[in-house]
Amino acid sequence: MVEEHVETQENLSPIKLEKKARNFKKLKLLIQPLLLLLPSIALLLAVYLIPLINVAKLSFADATMLEGFKQWVGFKNFQYLATPEFLSSLWKTAIWLVSTVGISLVFGLAISLLLNKPIPGRLFFRTIVILPWLFPEALTAVMWLWTIHSHYGLLNNVLIKLGIIKSGINFLSQSLALVTVIGIRIWRDIPFVVMSLMAGLQTIPKDIEEAAELDGATGFKKIVHITLPMLKPIILTCTLILSAWTLIIFDMVYILTGGGPNNATEILSILMYNTAFSKFDFGLTSAMAMVTLFIVSLIGAFYLRALKRQEE
Amino acid sequence: MRPGTPDVVHKIFEPMIAEFEKENPDIKVKLVDMGWGEYDQRLPTMIATKTNPDVQLVSQGDLYTFSAQGAYLPLDQYIDNGLKDEFTNTLWNAGEFNGKMYEIPATPGADMLWYNKDLFKKAGLDPNKPPQTYDELIADAQKIQAKTGVLGLGMPGKAFSDIWNTFATIYQSKSGLPLFDEKSKTFTFDNPVGEASLQLMYDMVNKYKITQPNITEYTRGDLRPLFRDGKVAMLIDGPFIISSLTPTINLDSPNSFVGTALVPSAEHGSQPFFGADGWGIASDTKHPKEAWKLLRFLVDPQNQYTHGVKYGFGPAQKDVAKMPDYQKPYWQTAVKSLDTGFSRMKSDKFVSLDQILTQMVQKAVTGAATPKEAIKQAVQANAQLN
């Protein structure tokens, strides 16, 4: 007769008890952080995921602002993405994005390198450089609207008085409007780049710079071979953040030009606004929003890949 | 809710609301104000989220767009017999859409010619003989520019609403037709008359150079202070300009430089564009009877008169047109200009049509497209809406 062997706490071996305790500890270590993160995850789900799913759903639907979802239409909304109107807006958005981010980074880097040196009045210049960042977007647009006015603007009046031009330039004409809004955006973005890169410059170990100088690396060579590689993670982060911000900017461009003249500055955000609030076509607007999300995701993926390579 | 200049709105309506509440102690009214720009952006959201104020002054075009989607209450059930008789047929009709009344017209304003009599004198022109035709307008503007250096005519061209009103005025005067046929839902200007109207606007800017060169920097609102300050000799605008003028100019003074006239005539006379916003009731109001009571109070002729002369628009009702301030010369022009002309397009796609027309005019007047091309594009864009 075989006696049934039942394990109880009393007859568990010390090894098994220890294993059980270790497993419980592992489980606790796994669950506890998740529980602590739960409120943040819930908030993220509510604020990001649910609206995202809703937009994705509406992009395949006939939907208006007042009536909401009406019926499924398959890929009909996405067919608009092949129209000249949308492609033109996409092209302008690409110019807007690449120019704004690229030039902001270049100028921001140059200014932060300068301000990192012990120049006279460094504190004063650091303060001035950050000032554009303090203005709200709408105020920036209104301020510049008056500054660049072809007849009454300060800029044109100064240029005329200096004899550089004979009559006022219409900076918001069809040929110049996009360049002008890009310029104003760069003016607004440079402080962010400067602040980020200056923080990064402080983290570059002095002994590495000194060692490089001893090896004969000075000026431009030092920047290319020491400074830039050390700043790469911050530059990548700035690129990602600026790109995401630039893609979603609406108020500044709308106040300056309304997307005109003649659609010259109708970037995606303006096109989406007009589609949503003039045509009230939420299905089409959602399809465009999905495209914007895709572009931002691509930029994010590129950033993560570059960062991973940097770490390796 | 009364969109517009908040300071002016509060000065007009706070006493009115106090009086209404005194007469109706069981009804409390909260005044909501916002600028027209903010109103344009917030109205769709307010309707979608059912936070639309109970009684509001609705922009005529928005009324057509949103009443088609059930946002406003048909008022026919409340309208008493005498009310319709207070209005001209043209104005009463402006508040009707799809056979129902959705607004009681309150702020009518037709395009008029505003001109600077002092600049006319300086240019050797008779200040009591404003131009009667567009050829005369161009000639007078050129003379003023040559003799005084001041711009002859202000023309808006920025990508916001109202820049196509001037096109509408010119086309209606040339053709005798409204811009839009409500039955077929098509534009009526796809023809040589439409092209000629756009061409005239283009010529005024680029050939005769009687306007500011960079019209895309200016809205109608931007031009009003320029007229006030003597930087522009003539404007085609509604009586809404009055609120920009009166803070610094005494229009009643015999020495006032401000002159008014009907818009220049063309082949079919002077047929200005006019708008007639009005009071409506949100369909999701929880207090329809009280809302109607307030609306009826607001359209009482005395209250309409106060609202009209203080804010700056013509008389909606026949009795209001007889009241003292509307006998003044500049108001008389505003009253007469409501006798002819056509109002905004009645379409549930008004907001989209507004954008199509804005783009059409901007393209044609800046030379980005020929008038024919611009009209074709507008016609195609309209066809895609229907």
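Rules behind the numbers
Residues numbered from 1 in each chain as written. Chains lettered and ligands numbered in written order. Predicted model: local features only at pLDDT ≥ 70, side-chain atom pairs only at ≥ 80, totals over all residues. Heavy atoms only, no water. 1 Å grid on protein atoms, 1.4 Å probe; cavity = no way out; pocket = protein on both sides within 12 Å on 5 of 7 lines; lining within 4 Å. Points joined across faces, edges and corners; volume = space filled by probe spheres on them. Helix = DSSP H or I, 4+ residues; strand = E, 2+ residues; numbered from the N terminus. Nonpolar A, V, L, I, M, F, W, Y, C, P; charged D, E, K, R; others polar. Contact = heavy atoms within 4.5 Å. Buried area = accessible area lost by both parts, 1.4 Å probe. Salt bridge = Lys/Arg side-chain N within 4 Å of Asp/Glu carboxyl O. Polar contact = N/O pair within 3.5 Å; in protein donor to acceptor, adjacent residues only side chain to side chain. pLDDT = per-residue confidence, 0-100. Pairing = 2+ DSSP bridges. Axes fitted to C-alpha atoms, helices over the stretch in contact; angles between N-to-C directions.

Engineer: Even after reading the chapter, I still don't get the layout of surface pockets, so can you show me in this structure?
Structural biologist: Using a probe with the size of a water molecule, rolled over the atoms, empty space left in the structure can be pinpointed. In this structure, the second largest pocket spans a volume of roughly 1500 Å³. Every residue lining the second largest pocket is counted, 48 residues in all, and those nearest its centre are A:Lys279, A:Leu284, B:Ala381, B:Gln384 and B:Leu385. Taken together, the elements giving at least two residues each to the lining of the second largest pocket come down to β1 (61-64), β2 (68-72), α2 (76-79), α11 (268-277) and α12 (282-311) of chain A together with α16 (350-366) and α17 (371-385) of chain B. Considering every element that reaches the lining of the second largest pocket, the biggest residue donor is α16(B), with 8 residues. The residue inventory of the lining of the second largest pocket, partitioned by class, reads 18 nonpolar, 19 polar and 11 charged.

Engineer: Help me out: how do you make sense of the interface of chain A and chain B in this one?
Structural biologist: Each partner contributes residues to the interface: chain A has 27 residues there, and chain B has 25 residues. Buried area between chain A and chain B, both sides added, is near 2200 Å², and the carbon and sulfur share of it is 54%. Seen at the junction of chain A and chain B, the total is 0 salt bridges. Between the two partners, chain A and chain B, sit 10 residue pairs in polar contact (both at pLDDT 80 or more). Among the elements of the structure, α10 (251-257) and α11 of chain A are those that each provide at least two residues to the side of chain A that touches chain B. Among the elements that make up the side of chain A that touches chain B, the one with the highest residue count is α10(A) (4 residues). Here the side of chain A that touches chain B is composed, by residue class, of 13 nonpolar, 12 polar and 2 charged.

Engineer: I tried to follow the confidence of the model for chain B on my own but got confused; where do I start?
Structural biologist: Detailed reading of predicted coordinates is not advised where the pLDDT is low. Averaged over chain B, the pLDDT score is 92; the fraction of residues at 70 or greater is 99%. The complex prediction reports pTM at 0.84, with the ipTM value standing at 0.80.

Engineer: Sorry, what's going on with the sheet that holds strand β13 (residues 274-281) of chain B here?
Structural biologist: Either a parallel or an antiparallel arrangement is found when strands of a sheet pair, and the pairing is made through backbone hydrogen bonds. Residue and element names in this part refer to chain B. What the 3 strands build is an open sheet, ordered β3-β13-β6; its pairing is antiparallel. Across the chains shown, the open sheet's two edge strands, defined by having one partner strand only, are β3 (55-58) and β6 (104-110). For this sheet, the mean angle separating the axes of adjacent strands, direction not counted, is 15 degrees. Taken together, the 4 bridges between β3 and β13 define a ladder with antiparallel strand orientation. Residue glutamine 56 lies in a different strand from β13, and its bridge partner there is glycine 280.

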